[in-house]
Amino acid sequence: MSVKCGIVGLPNVGKSTLFNCISSARAEAANFPFCTINPQIGSTAVPDDRLETLVKMVNPRNVVPATVEIVDIAGLVKGASKGEGLGNQFLANIRETDAILHVLRCFDDPNIVHVDGSVDPVRDKEIIDTELQLKDLETVENRLQKVQKQAKTGGDKEAQKLCNVLEQYKAVLEQGKNARSVIFDNKEDQKLAKGLFLLTNKPVMYVCNVDEKSAANGNEYVEKVREATKDEGAEILILAAKIESDIAEMESYEDKQLFLEELGLKQSGVVRLIRSAYKLLNLETYFTQGEPEVRAWTYNKGDKAPQAAGVIHSDFEKGFIRAEVIKFDDFVKYGSEAACRAAGKLATEGKDYTVQDGDIMHFLFNV
């Protein structure tokens, strides 16, 4: 499955620098607002030690890691929901993403202009939140006008259900709250809500862009962000984008690790960000393996075997018969699929099997 995350924030907070660190594409980074005019799209492999282990054991001809698409969206400003700055065009780019990476400036530097004249990540967060909420409110009100007519004049039951969902969203958005604060217990309502593609209904990760000395433990700006977001259930990541940029340019793995150790870090911010994004989106990974190819596949946590098979191809889900499953630890212990089969460590699972993170799978299907 394709995973897409959008990087948002005010101008000059480090969005494009971060994008350059984690993406195979390169966005222009410069010290003036709207340097990024067209949304830049790149992709990065999902770091996974298990995939590397399988590759060493199987020695396949081809290796395909899971990937995440990253979209660097131009800096938003106050009034973006009404077309200020580069406005509506880029709010539409956010709508197409699965999650939002909201970059907040948490460092002082007199040489880098702040669009509002001072460093205040909580204020910056609230500006972006307000613009996204206003855009969502506009979307909800426009849709509500159409649906209310259908519900009243035609007695359309589906329209009535959607009308109820829209009215709940309208109420919270008018209070200056995000759409994700509305929780629907009914699966039908959940489906209707998802189909609206509201900006503030997307999972969000706050990326606190700090200076080098704050890379390991954060600073007072980060603590203010923690306090301001404590009731949101959002992910918070501390990352020094400028330092990450330097690390990304290092060719030697040993040099990278040495540099990270000097900063008091075990992993680069890029690795932590991608893994946090998976956690945020409730995603996991299973593997397929063989001499032709070792591949990582992304699926939704809790998926049954047929749904996980459908990630490879819809025919796999439609014609699902059964799945052969080896646990990753067993594969490492016994050394091969044949050895796992001989040791009774290859399980045959049906349609009700819930796929587990790290499963090594082979699907049998018939269409």
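Only a predicted model underlies this, so the values are computations on that prediction, with no experimental measurement involved. (Residues numbered from 1 in each chain as written. Predicted model: local features only at pLDDT ≥ 70, side-chain atom pairs only at ≥ 80, totals over all residues. Heavy atoms only, no water.)

**A few points about the overall build of the protein**
- A tally of helices and strands in the protein yields 14 helices and twelve strands.
- Across the 367 residues of the protein, 48% fall into the buried class.
- For the protein, contacts bridging at least 24 residues in sequence account for 68% of all contacts bridging at least 6.
- Counting every atom, the protein has about 18,300 Å² of accessible surface; 47% of that belongs to carbon and sulfur. (Helix = DSSP H or I, 4+ residues; strand = E, 2+ residues; numbered from the N terminus. Buried < 20%, exposed > 50% of the residue type's maximum accessible area, 1.4 Å probe, protein only. Contact = heavy atoms within 4.5 Å. Areas by Shrake-Rupley, 256 points an atom, 1.4 Å probe, with all protein chains shown as cover.)

**Side note on the packing of helix 4 (residues 121-153) against helix 5 (residues 157-174)**
- Viewed as axis vectors pointing N to C, helix 4 and helix 5 meet at an angle of 150°, and their least axial separation amounts to 9 Å. Here helix 5 runs roughly antiparallel to helix 4, going by the angle between their axes. In terms of crossing hand, the pair formed by helix 4 and helix 5 is left-handed. Between helix 4 and helix 5, the contacting residues are Q133, D136, L137, V140, E141, R143, L144, V147, Q148, Q150 and A151 on the first element and A159, Q160, L162, C163, L166, E167, Y169, K170, L173 and E174 on the second.
- Among the residues forming the contact of helix 4 with helix 5, the class breakdown is eleven nonpolar, four polar and six charged. (Axes fitted to C-alpha atoms, helices over the stretch in contact; angles between N-to-C directions. Parallel < 35°, antiparallel > 145°, perpendicular 65-115°, else oblique. Left-handed = near helix turned anticlockwise from the far one by under 90°. Nonpolar A, V, L, I, M, F, W, Y, C, P; charged D, E, K, R; others polar.)

**Section: the sheet that holds strand 7 (residues 235-239)**
- The strand order across the open sheet formed by six strands is 2-4-1-5-6-7, and the pairing between neighbours is mixed. Of all the strands in the sheet, the pair left with one neighbour each is strand 2 (40-45) and strand 7. Looking at each pair of strands side by side, their axes are set apart by 25° on average, direction ignored.
- With six bridges joining them, strand 5 (residues 99-105) and strand 6 (residues 204-209) adopt parallel strand pairing. Residue pairing across strands places H102 opposite Y206, the latter belonging to strand 6. (Pairing = 2+ DSSP bridges.)

**Notes on the packing of aromatic side chains**
- Using the criterion set out here, one finds five aromatic pairs in the structure.
- A centroid spacing of 5.7 Å and a plane angle of 80° characterise the contact between Y286 and F363, whose relative ring orientation is edge-to-face. Of this pair, Y286 sits in strand 8 (residues 283-288) while F363 is found in strand 12 (residues 360-365), placing the two residues 77 residues apart along the sequence. Across this residue pair, the class does not change: Y286 and F363 are buried.
- Among the aromatic residues, those joined into a ring-pair cluster are Y286, Y299, F320 and F363. (Phe/Tyr/Trp six-rings, centres within 6.5 Å; stacked < 30°, edge-to-face > 60°.)

**Considerations on the layout of surface pockets**
- Size it by volume and the largest pocket reaches roughly 1,000 Å³.
- Together, 26 residues line the largest pocket, and D98, K194, N201, P203 and L281 are the ones closest to its centre.
- A per-element tally of the lining of the largest pocket places helix 6 (residues 187-194) first, with three residues.
- In terms of residue class, the lining of the largest pocket is built from 13 nonpolar, six polar and seven charged.
- Taken as a whole, the second largest pocket spans an internal volume of roughly 740 Å³.
- Lining of the second largest pocket is provided by 27 residues; of these, P47, Y253, K256, S268 and V271 occupy positions nearest its centre.
- Mapped by element, the contributors of at least two residues to the lining of the second largest pocket are helix 1 (15-22), strand 2, helix 2 (49-58), helix 8 (241-249), helix 9 (253-262) and helix 10 (269-280).
- Counted by class, the lining of the second largest pocket contains 13 nonpolar, seven polar and seven charged residues. (1 Å grid on protein atoms, 1.4 Å probe; cavity = no way out; pocket = protein on both sides within 12 Å on 5 of 7 lines; lining within 4 Å. Points joined across faces, edges and corners; volume = space filled by probe spheres on them.)

**Description of unusual backbone geometry**
- Phi at N59 takes a positive value of approximately 55°, unusual for a residue other than glycine.
- Checked against the element boundaries, N59 lands in the loop between helix 2 and strand 3 (62-64).
- When its relative accessible area of 62% is taken as the criterion, N59 is described as exposed.
- The phi dihedral of F197 is positive, around 55°, even though this residue is not glycine.
- Topologically, F197 is positioned in the loop between helix 6 and strand 6.
- We classify F197 as partly exposed; its relative accessible area is 49%.

**So, the environment of D246**
- By the secondary structure assignment, D246 is in helix 8.
- Sequence-wise, D246 and F259 are 13 residues apart; in three dimensions their C-alpha atoms are separated by 9.7 Å.

**Some remarks on empty space enclosed by the protein**
- Counting across every chain of the model gives one cavity of 30 Å³ or more.
- Taken together, I100, H102, D129, L132, N178, R180, T200, V204 and Y206 make up the full set of residues lining the largest cavity.
- Going through the elements one at a time, strand 5, helix 4 and strand 6 are the ones with two or more residues in the lining of the largest cavity.
- When grouped by side-chain class, the residues that make up the lining of the largest cavity number four nonpolar, three polar and two charged.

Everything listed here is a matter of coordinates, which is why it stays silent on function.
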